Each structure stands twice: as C-alpha cells, then as structure tokens.
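# Chain and residue survey
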Amino acid sequence: MSPVPDQEAPAKPAQRGGLLRKLVIGLGVAGVLLAVFAGLGFGLTPWLIQHYLPKFANEKLERKAEIGAVEFNPFKLHLAARGFKFTEANGAPLAAFDEAVIDVGWSSITQWAIVFNEIRLVKPVVNVELAKDGKLNWLAVLDKLKDDKPPSKEPPPRLLIQHLKITQGRVDFHDRKAEYDNALTPIDFELSNFSTLPNHVGPYSLAANVSKDGVVRWRGEASINPIQGKGEFALDNISIPSLANWLKVLPGADVNSGRFAARSEEHTSDLQSRFGI
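Quick look at the structure, then. This structure is a prediction, so every number in the text was calculated from the model and none was measured.

### A word on the overall build of the protein
Of regular secondary structure, the protein possesses 4 helices and 13 strands. Burial analysis of the protein (277 residues in total) assigns 29% to the buried set. Residue pairs at least 24 apart in sequence account for 49% of intrachain contacts in the protein once pairs closer than 6 positions are excluded. As displayed, the protein has an accessible area near 18,800 Å², and 62% of this comes from carbon and sulfur atoms.

In structure tokens, the structure reads:
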C-alpha cells in the first residue's frame, strides 16, 4: 500500500484567537491613526491659520490681518477661507477677499512637484495708494518681507497650477498728490496649466473695466522657467478726460470728452513689442 500523504492539522482555537487579536489590534491602530490625521486636518489646520496669520502680519509686517471661517479637508487636500482683511496699522485697507479655495492634488507625490488642481479667489480687493511724498503703500509692505540673504541661484520650487481663477476682483488706485482716484473693476483672470517646470507654457487671460466703461484685456501664453511669453494687450474705450486729470497733460487745458483704444502684441522672449492706436 502507498503511504497516505500528511495533511495539515486544522488550526487550533488558540491559534485562530491569536490571529484574530492581531487583526483587531492592527485595525484599531489604523483607526486611531486615521482619527488623529482627521483631527489634525479638520481641526488643527484651520486653528493654526486663524491664529498665526494675524500674528505674522503684526510681528513681521507691522500691519493687521484677520480671517473668518477656515475649512480644511485632509483627505481631499481642500482648503477654503472666507472673510480675509489686510490693513495698515491705522486700519487703512490694503487687501481683502470674500473667499479663497485651494485644492492640492495627491498627484504631487508622483510628479515630484506641488500640484494645485484649482486656486480660486472670489471678490479680491487691492488698494494701491500713492502718498503725497511719492511713496507707494505696497512698497513698504514688500520691504518688510525682504531679508539680508543674497539672491538664491537655486531653480524655483516645482509648482504646477492646473487652474487659477479670479472673479469679480477690484483694484482701487489713489494718487493723494494729484488728488486722483480710479478703479479696475470687475477683474476676471484665468490661468491654466501654469508651471515652474522647465519649458512649460500655459495660457492666461485677463479682463477688467476701467475709467467709466473702458476695458483692459490681456491674453496669451506664458512660461516662468525660462521667463517668456507672447500675447495681446488691449485698451478699449478708455476715457481721456479721466486720465488727463491724473497725468496733468496739457496744463491749463480742460479736457471734457474723448475716448481711445490701443493694441499691443507682446513677445517677451525677444522683448519685441508692436503697438497700434
């Protein structure tokens, strides 16, 4: 008779119980880690932004900042902030927005770059003021951000912006010396597939109203590494009296009416420009 092959003995109850305990412990540890990750994301991240943003503005920039609701989803890498205001120490407005949304893609891991699926800014407002002594308010802010380190020769950080959109923006301009005020509004700006990666070109478009029904348009393609681009810049239906009052052209003359338009085709790689008025 041929020998009967050995058969595996059934797992003993004690062995099955040990495997089950290890599985339960592993799932428990994974659940705790997931809960901690979610807690840090949903709760800690908004608190850090709301706490340290005003502190940075006060200590580094010597100005004031405040922000309303902040939400962050760590699983989707989705950040939303509302009610931001940035002002001078005396309360004079510098910038604000109703809402900002930032979506970072998990593809950042595979592309070795920070990938922004979407950046959206709703109703941003920037206040630009030229004082009577000729100083621009934002230059003082930029000076606070400077450090004493020499310019870095390192390449720019690896960034990829799939879609950036600004809607209903506004830029207020005040020249206190010339007693001139104007505004670019509403400003709509879109940028797609923009990157700091070498030789990566993305399209952009901008449109804004100015000077009583005048329109500014700018569209084309741009690259940051190297810095180059091409596109068209256009001014349509711009009020001449409004600009004349600011530029103080024709001293003693009273410009009551008139409109003008202009076009410019830009090629920044060779710094050529062609204008038509």
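### Thoughts on the pattern of salt bridges
One pass over the full model with this rule turns up 10 salt bridges. Across the pair Glu 88 and Arg 63 runs a salt bridge, and its minimum N-O distance is 2.8 Å. With Glu 88 in the loop between β3 (78-87) and β4 (93-104) and Arg 63 in the loop between α1 (13-59) and β1 (64-66), this pair connects stretches of sequence that are 25 residues apart. Of the two residues examined, Glu 88 and Arg 63, each falls in the buried class. Residue Glu 71 pairs with Arg 82 through a salt bridge whose shortest N-O separation is 3.5 Å. Here Glu 71, found in strand β2 (residues 70-73), pairs with Arg 82, found in strand β3; they are 11 residues apart in sequence, far enough to count as distant. A network of salt bridges, in which partner residues are shared, links Glu 71, Arg 82 and Glu 99.

### Digging into the side chain of Asp 103
By the secondary structure assignment, Asp 103 is in strand β4. Summary of buried charges: Asp 103 has no salt-bridge partner, and the nearest side chain of opposite charge, Arg 120, is 5.8 Å away. Ignoring anything within four residues of it in the chain, the contact list for Asp 103 reads Leu 77, His 78, Val 115, Phe 116, Asn 117 and Glu 118.

### Section: the pairing of strand β9 (residues 202-210)
Here 6 bridges tie strand β8 (residues 180-195) to β9, and the two strands are oriented antiparallel to one another. Bridged to Phe 189 within β9 is Leu 206. Two successive antiparallel strands, β8 and β9, enclose a turn made up of 6 residues, where Asn 199 displays a positive phi of approximately 55°. Across 9 bridges, the pairing between β9 and strand β10 (residues 214-224) is antiparallel. When the sheet's bridge partners are listed, Ala 207 is paired in β10 with Arg 217.

### As for the nonpolar core
Residues Ala 65, Ile 67, Phe 84 and Phe 86 are the most contacted members of the largest nonpolar core, which totals 13 residues. Every element with two or more residues in this core is listed here: β3 and β4. The biggest single contributor to this core is β4, with 4 residues. In this structure, Ile 67 is in contact with Ile 49, Gln 50, Leu 53, Ala 81, Arg 82, Gly 83 and Phe 84, ignoring residues within four places of it in sequence. The next biggest cluster of nonpolar side chains, apart from the first, holds 8 residues, and it includes Leu 164, Leu 191, Tyr 204 and Ala 222.

### Description of unusual backbone geometry
Thr 185 connects to Pro 186 through a cis peptide bond whose omega is -10°. For Pro 186, the location among the structural elements is in strand β8. Despite not being glycine, Trp 112 shows a phi value in the positive range, around 50°. Secondary-structure assignment places Trp 112 in the loop between α2 (108-111) and β5 (114-122).

### Some details on the pairing of β10
In this structure, β10 lies alongside strand β11 (residues 227-239), joined through 10 bridges in antiparallel fashion. For Glu 221, the partnering residue across the bridge sits in β11 and is Lys 230.

### Some points on the environment of Asn 209
Within the fold, Asn 209 resides in strand β9. Residue classification places Asn 209 among the partly exposed residues on the basis of a relative accessible area of 32%. With 28 residues separating them in the primary sequence, Asn 209 and Asn 237 have C-alpha atoms 9.8 Å apart. If we ignore the near neighbours within four places in the chain, the residues touching Asn 209 are Ala 183, Leu 184, Thr 185, Pro 186, Gly 214 and Val 215.

### Quick word on the packing of aromatic side chains
Within this structure, the stated rule accounts for 4 aromatic pairs. A centroid spacing of 5.0 Å and a plane angle of 20° characterise the contact between Phe 84 and Phe 97, whose relative ring orientation is stacked. Of this pair, Phe 84 sits in strand β3 while Phe 97 is found in strand β4, placing the two residues 13 residues apart along the sequence. The same class applies to Phe 84 and to Phe 97, which are both buried.

What counts, and where the lines are drawn
- Residues numbered from 1 in each chain as written.
- Predicted model: local features only at pLDDT ≥ 70, side-chain atom pairs only at ≥ 80, totals over all residues.
- Heavy atoms only, no water.
- Helix = DSSP H or I, 4+ residues; strand = E, 2+ residues; numbered from the N terminus.
- Buried < 20%, exposed > 50% of the residue type's maximum accessible area, 1.4 Å probe, protein only.
- Contact = heavy atoms within 4.5 Å.
- Areas by Shrake-Rupley, 256 points an atom, 1.4 Å probe, with all protein chains shown as cover.
- Salt bridge = Lys/Arg side-chain N within 4 Å of Asp/Glu carboxyl O.
- Lys, Arg positive; Asp, Glu negative; His and termini not counted.
- Pairing = 2+ DSSP bridges.
- Core = buried A, V, L, I, M, F, W, Y, C linked by side-chain atoms within 4.5 Å.
- Phe/Tyr/Trp six-rings, centres within 6.5 Å; stacked < 30°, edge-to-face > 60°.

Purely geometric numbers; function is a separate question.
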